[in-house]
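Per-entry structural report
Given next are the chains, with one letter for each unit.
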Amino acid sequence: MSQSTCSEPHQSAPACSGFDPSSLTATFGAPCQDGRLLPTVLATLTRHEALLAEIERASSTGGFCWHVYTGKMTCTGEVYRIFELDAAVPMTLQLLGTRVHPDDLPLLHDMTERARMEANGFEYQLRLSLQTVKYLQLNARRSEDADGQSHYIGAIQDVTRRRLSEEALGNMRCELARVARVSSLGVLTASIAHEVNQPLSGIMTNASTCLQMLGADQPDIEGARETARRTIRDGERACEVIARLRALFGKRGGKTESVDFNAVTREVIALSLSELHRRRVTLRTELAEELPAVTGDRVQLQQVILNLLLNAAEAMSGIEDRRRQLLIRTEPEAADRVRLSVQDAGVGFEPHDAERLFQAFYTTKSGGMGIGLSVSRSIIESHGGRLWAEPNAGPGATFAFSLPARKSDCNAKRLGTVLRPAVAERSTRKP
Amino acid sequence: MADASLIAIVDDDVSVRQSLPDLVRHFGFKVQAFVSAEEFLASDCVDRTKCLILDIAMPGMSGPDLQRELARRGQKIPIVFITGQADPDLRRQLLAEGAVDCLFKPINTTALLKALNTALGLS
């Protein structure tokens, strides 16, 4: 195992820079009368410190003690290693500050301020700007020394690897969601063509009629005007289809906004209506009035609704002995959630399959990739919600998801929020 | 044009129901538009309709469903199908089952007039 240069000064005191032998006196009382005991105690201590250093190294976690008023800071070797500082240099908050990412310096000031206000503890996520960016998790709690002076004892953990894999996972999820979206675009291609073709067809007919009316022996000016007006209306209709398509399939990063649940549901329905017609599905909607908004990525939520809709239609494709009835319902759930459910009258599923449905690449369709539901679930969970399936009492199944209404900080982490002051109550104790 | 023939248009698409009647009227026919096959069957136009301009894909009863239902009832109304999905196989099949024509949207005006004239035996 290679030792970095900065940890070498710890030969005598492996885990703690600025180690003060007199602290032993404080810990163990008066110096030992029995000279034979001292080496044993020292050996034990050395062993313990070496063990602690190993643990720190293994967990990428360093410890510190910070006296707010004197500014004095004692850190373990791992803190020096994380901050890539020479362990011979006395540690101060200012010195740490030189390594902190400029954008996160306000967090350090915030921490100082909280400390001066005697906060019981704090928790921060900080970035270091070294050769590469490091992500740190800092937790500390307040205590008092014998003189009643405040200090903070805490831990700094290098969470870079975890953070980077979270980011990679997030990117992967976005990419998978895009793939799923594009594959549902494939499913909808015929319907979308139909959707655009309808108003275009209207435009052509109107224009022909208009020409006929104007070309007659006695031109019908008023009739021609009316057909021209209808041409414009049809043109607008075609534009709306394109706008909806852009909204759903355009390339756009994760954007968090307030989303009107009913409005996005209606937009998805409008896009998939002709696909449903083609599959001879009758659609019933029950959209609750005055539904609270949710916070999230509009496109992703639409994608989930679209997936559920297409799945439901697919599940009914072989049904001939009953109506292919599909019900979409939005409703409030408890006081602070909203729910959307899609009920079909299709082939349904066995109760023990309820969870398998959501596994990636599990599919019952010949042309399906089996990622729709698993992607949908991960989208809903990243919004702090829940997606589930249950068999109906009658034929078919119901897929539903619920999301927290309006206030949702579920995406905050992914969007790079670094400041997260935890329970920072003010101390009620007098110093 | 008191004795103009009645043409019924059945299409769930609003653009068609708004644009096509005027054109057909301009050709000199009487026109009635319906949003669905069911609505048409429930109307009092069935017996008077001389030609049906019929969409293929509709929610509920489809165009071919209506064609079969009319045949079952012994109603011999000439049918001109219109469809947004250009499917030559389906077209062939519908013509084989007695349809006058099957036009793909957007509809060619001349082809429509020709089909209507054929349907009504007006050369």
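Residues numbered from 1 in each chain as written. Chains lettered and ligands numbered in written order. Predicted model: local features only at pLDDT ≥ 70, side-chain atom pairs only at ≥ 80, totals over all residues. Heavy atoms only, no water.

Residues and elements named next belong to chain A. The pairing of strand β11 (residues 386-391) with strand β12 (residues 397-404) spans six bridges and is classified as antiparallel. Among the inter-strand pairings, Trp388 is bridged to a residue of β12, identified as Ala400. Once β11 ends, the chain turns through five residues before running back antiparallel as β12, passing Gly396 with a positive phi of about 90°. (Pairing = 2+ DSSP bridges. Helix = DSSP H or I, 4+ residues; strand = E, 2+ residues; numbered from the N terminus.)

With that settled, consider the packing of aromatic side chains. Two aromatic rings are characterised by how far apart their centres lie and by the angle between their planes. Residue and element names in this part refer to chain A. A full pass over the atoms with the stated rule returns six aromatic pairs over all chains. For the ring pair Phe261 and Phe401, a centre distance of 5.8 Å and an interplane angle of 85° mean the geometry is edge-to-face. A residue pair is termed long-range when its members are at least 10 positions apart, and Phe261 in helix α8 (residues 261-278) and Phe401 in strand β12 qualify at 140 residues. Judged on exposure class, the residue Phe261 and its partner Phe401 are both buried. Of the aromatic side chains, those joined through ring pairs into one cluster are Trp66, Phe122, Tyr124 and Tyr152. Directly above the ring of Trp388 sits Arg386, whose terminal nitrogen or CZ lies 4.1 Å from the centroid. (Phe/Tyr/Trp six-rings, centres within 6.5 Å; stacked < 30°, edge-to-face > 60°. Buried < 20%, exposed > 50% of the residue type's maximum accessible area, 1.4 Å probe, protein only. Lys NZ or Arg CZ within 6 Å of the ring centre and 35° of its normal.)

To continue, consider the interface of chain B and chain A. At the interface, 22 residues of chain B touch 22 residues of chain A. Regarding the contact of chain B and chain A, the summed buried area is about 2000 Å², with carbon and sulfur atoms giving 50% of it. When the buried surface of chain B facing chain A is broken down by residue, Gln18, His26 and Pro106 of chain B rank first, second and third, together holding 24% of it. Inspection of the region where chain B meets chain A yields two salt bridges. (Contact = heavy atoms within 4.5 Å. Buried area = accessible area lost by both parts, 1.4 Å probe. Salt bridge = Lys/Arg side-chain N within 4 Å of Asp/Glu carboxyl O.)

Moving on to the sheet that holds strand β9 (residues 325-333) of chain A. Residues and elements named next belong to chain A. Across the sheet, five strands lie side by side as β7-β9-β10-β12-β11; this open sheet has mixed pairing. For this open sheet the edge positions go to β7 (282-287) and β11, each flanked by a neighbour on one side alone. Averaged over all adjacent pairs, the angle separating strand axes in this sheet is 15°, with direction ignored. Taken strand by strand, helix α9 (residues 298-315) contacts β9, β10 (337-343), β11 and β12, and its axis lies near 170° from that of β12. Sheet contacts for helix α10 (residues 372-382): β11 and β12; angle to β11, the most-contacted strand, approximately 135°. (Axes fitted to C-alpha atoms, helices over the stretch in contact; angles between N-to-C directions.)

For the rest of this paragraph, the subject is the pairing of strand β4 (residues 133-144) of chain A. All names here are of chain A. With nine bridges connecting them, strand β3 (residues 121-129) and β4 associate as antiparallel partners. Bridge pairing in β4 links Ser129 to Val133. Between β3 and β4, which follow one another and run antiparallel, lie three residues. Sheet analysis places β4 next to strand β5 (residues 150-158), joined by nine bridges and oriented antiparallel.

To continue, consider helix α2 (residues 37-59) of chain A. Compared with the 33 Å implied by 1.5 Å per residue over 23 residues, the 33 Å span of α2 of chain A between its first and last C-alpha is a close match. The positive-phi residue at the C-terminal boundary of α2 of chain A is Ser60 of chain A, with phi of around 50°. (Expected span 1.5 Å × (residues − 1).)

Residue and element names in this part refer to chain A. Spatially, the five strands line up as an open sheet ordered β2-β1-β5-β4-β3, and their pairing is antiparallel. Every other strand in the sheet has two partners, leaving β2 (73-75) and β3 as the edge strands with one partner each. Between one strand and the next, the sheet's axes are offset by a mean angle of 20°, whatever the strand orientation. As judged from the seven bridges shared by strand β1 (residues 61-67) and β5, these two strands associate in the antiparallel manner. Its bridge partner being in β5, Thr61 is matched across the sheet by Gln157. Across the face of the sheet, helix α5 (residues 105-116) comes into contact with β1, β3, β4 and β5 while running at roughly 155° to β3.

Let us look at the nonpolar core. All names here are of chain A. Core analysis: the largest hydrophobic core is formed by 48 residues, its most contacted members being Phe261, Leu308, Leu326, Leu340, Phe399, Phe401 and Leu403. Examining the composition of this core, we find that nine residues originate from one element, α9, more than from any other. Those residues in contact with Leu403 that lie beyond four places of it in its chain are Phe261, Val294, Leu301, Asp336, Arg337, Val338, Ile380, His383 and Gly385. Within the second largest apolar cluster, 31 residues are counted, among which are Phe64, Met73, Cys75 and Ile156. (Core = buried A, V, L, I, M, F, W, Y, C linked by side-chain atoms within 4.5 Å.)

That's the geometry; what it means functionally is another story.
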